[in-house]
Structures are given as C-alpha cells and as structure tokens.
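Chain residues, written in single-letter form:
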Amino acid sequence: DVAYLRSVLPSTIDDAFFDYLATLDASEVTVTAIPEGSVVFARVPFLQVKGPLLVVQLLETTLLCLINYASLVATNAARFRLLAGPDMKLIEMGLRRAQGPDGALSASRYSYIGGFDCTSNILAGKLYGIPVRGTIAHSFIMSFRCLEEVQPRELLPRAGGDPVDLAGLAVSWLPRVCDLLQTPPSKANQGELAAFVSYAVTFPCDFQGLLDTYCVRRSGLPNFCAVAMALHQLGYQAIGVRLDSGDLAQQSKEIRGVFRACGAHFQVPWFGTIPIAVSNDISEQSLEEFSREGSEIDMIGIGTNLVTCPLQPSLGCVYKLVEVNGSPCLKLTEDEEKMTIPGMKTIYRLYDAAGHPFMDLMALEEEPSPSAGQELGIRVLGRLEETTKVIPAAVEPLHRTYFKDGQVCEPLPSLPEVRTHAQVSLNLLSPAHRRLHEPQPYPVAVTERLHQLFLELRQGS
C-alpha cells in the first residue's frame, strides 16, 4: 500500500510521511454506535469515532460506504413491510437488478433486516442464513413442447404402493377441471402441462405453478389444477402459484374463486387456500393498489424497486469532525440543515407514557443523564430560537461502545436478532410518525448547554 501511495502522490513528499503511514494502528480508535437495526432520525449521529485524527479521517469513506447503501435498503424494505402489513410474505428478488454482486448481497441482507421474510439469492442464504425461496421459471415451462418429453413420469403414492403415471393421471383430470372452469381442454398448452408434470414428479411435496406463460384462464389455471388434483390423489398437496403479469389484484381474486370452486366441487378442502404469489415490478404504489382494491395475494416478490431504491437512490449520511484535541469545532454554512452539531455527544431517546418515542435528545458527553419524570428544557432543531419543556416517561441512552483498544467489546448480534430489533423499533413508533404519507415530523433536540456551545462557536467564527 505504501509503495502504491508513493507512486501516485507528489514526489516532494517527505519519506518520513510514508514511514509514519506504515505505523498506523487502529487500536487507538473507539467506536460508539446506535445498535444495528435501530430506527435513526435525521441529524442524529448514529456512529461516533474517536482516535488519532489521521486514522479517523482514513476511516471516513470506508464507513460511509458500508453504512449508506445498507441503511438505504433496510429503510426501503421497512417501507414495503409497513405497506404490506405484518401477515403478507415478502420475498427479496433483486439479484439480477442489483448493483453488482456486492450490492446484491447487501440488498439481500438488509432487506431481511428491514422486514422481508426470505430471499431468492441462494448465496445470501448460504452466507447469512436468510431463508431462501423461489418459484418455477418461465424458461422452464417454455422448454417443454409435449408430454412425451416428461422423463421420468411415474410417482410413488405418498402412502406407498406401486408407481403411478402422473402424466396420464393429470391428463385424466384436465377435462374435469376444464368442464368446471368452462374452458375447452384444447386451449390448455401441452408444453405447459408437461412442465408442470415434470416439476411435480421431481418436487411432489413442493409443487407450484407459474400461471401466465401462455394464458392464465385457459391454460395456466386448468393445467395447474389438473396436476395438483393428480398429486392430491396420490397423497400430496400443492404449495402455491405465481403470477408475473397483468392486473395482479384482480387475477388473484379470480384465481382464488377457481381454487375454492375446485375444492368444493372435488371435495378437497385445502385447495381453496393454495397460496398465491405475485411479482412484476412491484412498487410501493402497487402495494397501495392491492390494499385499496382488495386482493387474495399471500406472497409478494419484489426486486427492482427494492434493491435499486428509485424513490431515493442514495442516502445522504455524512461524517463530520466535531472535536479536535478536546476543543469542539463547528462547520458553518448558510444552510442550517448542513451545520454540524459540535462536541462529543450522548444521544437519548425520550418516551411518552404510552411507550412511544417522541423525541431524540443530543447532550454533551459530560452532561448528567436526563431522568424519567424530570422536566427538561431543550431546543428542537429547526426551532432553536425557543426553549421547549418536556417530561419523558422513560429515557434510553442510544449509543453503545462496540470497538475500543483494538478489540470488539460488545457482543455483535446475529442477523435474526438484528431483524427482530428492527421490527420492534419500528413498531414502537407512534402511528403518526410511522405512516409513510405526510408523517408527523419526529423532533430531534439539543440540551441548553449544547445549544449554548453552538451559539458560542458560531459567534466566535
């Protein structure tokens, strides 16, 4: 590294500088942070780094790279979870649209933290233990032309016995299903039926169908139902279908009606509850439309609009110097939102009597901690000219020390623990702060002492 730096930096640099670089040691650095998976609000420093100036400056770009995209995707995933509600299954399916393999792995990990249930990224499943799920592909269905291509085609009944020709059994069911659906069997694509049979022979306990390769009503649905009924006759149960085009909400209601009709007509009660999954450029607007129109959707696969974050392509997290050699410092600008808050700080979250956080408070590190039930005089950012009085029902210090003296000094939580913490943090927010449309602004404040320091530094400059 030093040799490379010598090659790109000006030749006038003293050799002693490169000797100094070779001695740099991160053991003098201390990192405190708000725990991963916490809800963090604008202007609140969620990570603080103390150490030799050169070392902490070298860490800036690395830390921002690690934090910005990850936090952005976790936030985006949390928005989808809030819109979908707690019961909808959400699959992250963004691998093919992500910004390279590193971005894809980050997206899978942080989508899971944000509230997604599983991922189609098998490598993320292997590396991080995220549950993996997927569905049958259009290319698989299109690769079949006729039932003669299905090999093998026999399946052992679940309860035991002689192998049964599943293809022939499905063919016998097709006219019965088509008669119920009032659609001619000749319109059901034979290649699609062959693909379903081949999949079912291989995965009899995990059979699912992709219904829209050709025509949902005249082909996909009757072919799926015929194979699912054939499997049922042998003791197996289909696990779901997927739609990938068209009016997904309306189609889901029509498909649910067909499943219920089949279940009632053929006396197979579970058939009416077969899960319906959808995909196809799902966005926040899509979820709002599903809710508004009503649907029978049980699972949603989201890719592009999750991992590329088109509503906000980047997170503007910054890393600013606030103290040097014990002297607080301040960046001044005409834009008040870009002014830094000086000094080493402790961050507190204040809770109301209902258990909801209602304000985050920044205090100087040497200030005594606020107490529950104690009246506090504070200044809310954006309204610094006036003092506000608040009485918290509970007070929570947010920062923990994670790295000190060259060692990780706080046990790092597992991915499921971080995910659970993220969902608990989101659920603690009051509905007024949590809603996605016109939320009530969440106030962030400073103590009177910190405000006074801010004024002194600004006037001194």
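Residues numbered from 1 in each chain as written. Predicted model: local features only at pLDDT ≥ 70, side-chain atom pairs only at ≥ 80, totals over all residues. Heavy atoms only, no water.

Peer 1: Can you break down the sheet that holds strand β16 (residues 388-390) residue by residue, with the values?
Peer 2: Spatially, β16-β15-β20-β14-β13-β17 is the arrangement adopted by the six strands of the open sheet, whose pairing is mixed. Whereas interior strands pair on both sides, the edge strands pair on one side only; in this sheet they are β16 and β17 (394-397). Adjacent strand axes in the sheet meet at a mean angle of 40°, parallel and antiparallel pairs treated alike. Bridge count between strand β15 (residues 376-380) and strand β20 (residues 444-447): three bridges; the pairing is antiparallel. (Pairing = 2+ DSSP bridges. Helix = DSSP H or I, 4+ residues; strand = E, 2+ residues; numbered from the N terminus. Axes fitted to C-alpha atoms, helices over the stretch in contact; angles between N-to-C directions.)

Peer 1: Can you break down the sheet that holds strand β19 (residues 407-408) residue by residue, with the values?
Peer 2: The strand order across the open sheet built from four strands is β2-β1-β18-β19, with neighbouring strands paired in antiparallel fashion. Taken across any chain shown, the strands that pair with only one partner, and hence form the sheet edges, are β2 (47-50) and β19. Across four bridges, strand β1 (residues 30-33) lies against β2 in antiparallel orientation. Counterpart to T30 in the pairing with β2 is K50.

Peer 1: If you had to explain the pattern of salt bridges to someone new, which residues and values would you point to?
Peer 2: If you walk through the whole model with that rule in mind, you get 16 salt bridges. Between D15 and R6 there is a salt bridge, and its shortest N-O distance comes to 3.1 Å. On the basis of relative accessible area, R6 is assigned to the partly exposed category, the value being 39%. Across the salt bridge formed by R242 and D244, the nearest N and O atoms sit 3.5 Å from each other. In the salt-bridge network here, residues are joined through shared partners; they are R256, R260, E296 and D298. (Salt bridge = Lys/Arg side-chain N within 4 Å of Asp/Glu carboxyl O. Buried < 20%, exposed > 50% of the residue type's maximum accessible area, 1.4 Å probe, protein only.)

Peer 1: An account of the domain arrangement of the protein is requested, with residue identities and associated values reported.
Peer 2: As a measure of interface size, the accessible area lost when the parts come together is often cited. Each assigned domain of the protein is listed with its residue range as follows: domain 1 (23-52 + 325-460) and domain 2 (76-308). Of the residues lining the interface, 10 residues belong to domain 1; the matching set on domain 2 comes to 16 residues. In this assembly, domain 1 packs against domain 2 so that about 1,200 Å² is buried in total across both faces, 62% of it on carbon and sulfur atoms. By the criterion of area lost to domain 2, the three top residues of domain 1 are L415, R419 and L436, representing 57% of everything that side buries. At the junction of domain 1 and domain 2, the tally comes to two salt bridges. Between E36 and R109 there is a salt bridge, with the nearest N and O atoms lying 3.0 Å from each other. Where domain 1 packs against domain 2, one counts eight residue pairs in polar contact (both at pLDDT 80 or more). In terms of residue count, the dominant contributor to the side of domain 1 that touches domain 2 is helix α13 (residues 415-428) (six residues). Counted by class, the side of domain 1 that touches domain 2 contains five nonpolar, two polar and three charged residues. (Domains from an automatic or database assignment. Contact = heavy atoms within 4.5 Å. Buried area = accessible area lost by both parts, 1.4 Å probe. Polar contact = N/O pair within 3.5 Å; in protein donor to acceptor, adjacent residues only side chain to side chain. Nonpolar A, V, L, I, M, F, W, Y, C, P; charged D, E, K, R; others polar.)

Peer 1: So, the layout of surface pockets: which residues are in play, and what are the values?
Peer 2: Taken as a whole, the second largest pocket encloses approximately 550 Å³ of empty space. The wall of the second largest pocket is formed by 22 residues, among which M93, R96, R242, D244 and S279 lie closest to the centre. (1 Å grid on protein atoms, 1.4 Å probe; cavity = no way out; pocket = protein on both sides within 12 Å on 5 of 7 lines; lining within 4 Å. Points joined across faces, edges and corners; volume = space filled by probe spheres on them.)

Peer 1: Quick one: what's the story with helix α15 (residues 448-460), residue by residue and with numbers?
Peer 2: Over its 13 residues, α15 extends 18 Å from the first C-alpha to the last, a length consistent with the 18 Å expected when each residue adds 1.5 Å. Three or more residues of α15 are buried, namely L450, H451, L453, F454 and L455. Lining the buried residues of α15 we find β12 (327-328), β13 (345-351), β14 (357-364), β15 and β20. (Expected span 1.5 Å × (residues − 1).)

Peer 1: Describe the packing of aromatic side chains, with residues and values.
Peer 2: A full pass over the atoms with the stated rule returns 13 aromatic pairs. Ring plane angle 75° and centroid distance 6.1 Å describe the contact between F196 and F207, whose orientation is recorded as edge-to-face. One end of the pair, F196, is in helix α8 (residues 190-202); the other, F207, is in the loop between α8 and β7 (208-210), with 11 residues separating them in the sequence. Among the residues examined, F196 registers a relative accessible area of 0% and is labelled buried. Geometrically, the ring pair formed by F259 and F271 is edge-to-face, given 5.6 Å between the ring centres and 90° between the ring planes. Taken together, the residues span a long stretch of sequence, with F259 in helix α10 (residues 248-265) and F271 in the loop between α10 and β9 (276-278) at a distance of 12 residues. For F271, a relative accessible area of 0% puts it in the buried group. (Phe/Tyr/Trp six-rings, centres within 6.5 Å; stacked < 30°, edge-to-face > 60°.)

Peer 1: Mind laying out the UniProt feature "domain: Nicotinate phosphoribosyltransferase C-terminal" (unreviewed entry) in the protein, listing which residues take part and the relevant values?
Peer 2: Mapped onto the present numbering, the UniProt feature "domain: Nicotinate phosphoribosyltransferase C-terminal" (unreviewed entry) falls on residues 345-453. As annotated, residues 345-453 has a helix share of 22% and a strand share of 35%, and its two end C-alpha atoms lie 12 Å apart. (UniProt positions renumbered as here; feature names shortened; annotations may be inferred.)

Peer 1: Outline the environment of A226, supporting the account with residue identities and numerical values.
Peer 2: Within the element layout of this structure, A226 appears in helix α9 (residues 216-233). When the C-alpha atoms of A226 and L174 are compared, they prove to be 5.0 Å apart, with 52 residues separating the residues in sequence. Beyond its immediate stretch of four places on either side in the chain, A226 contacts A170, W173, L174 and V177.

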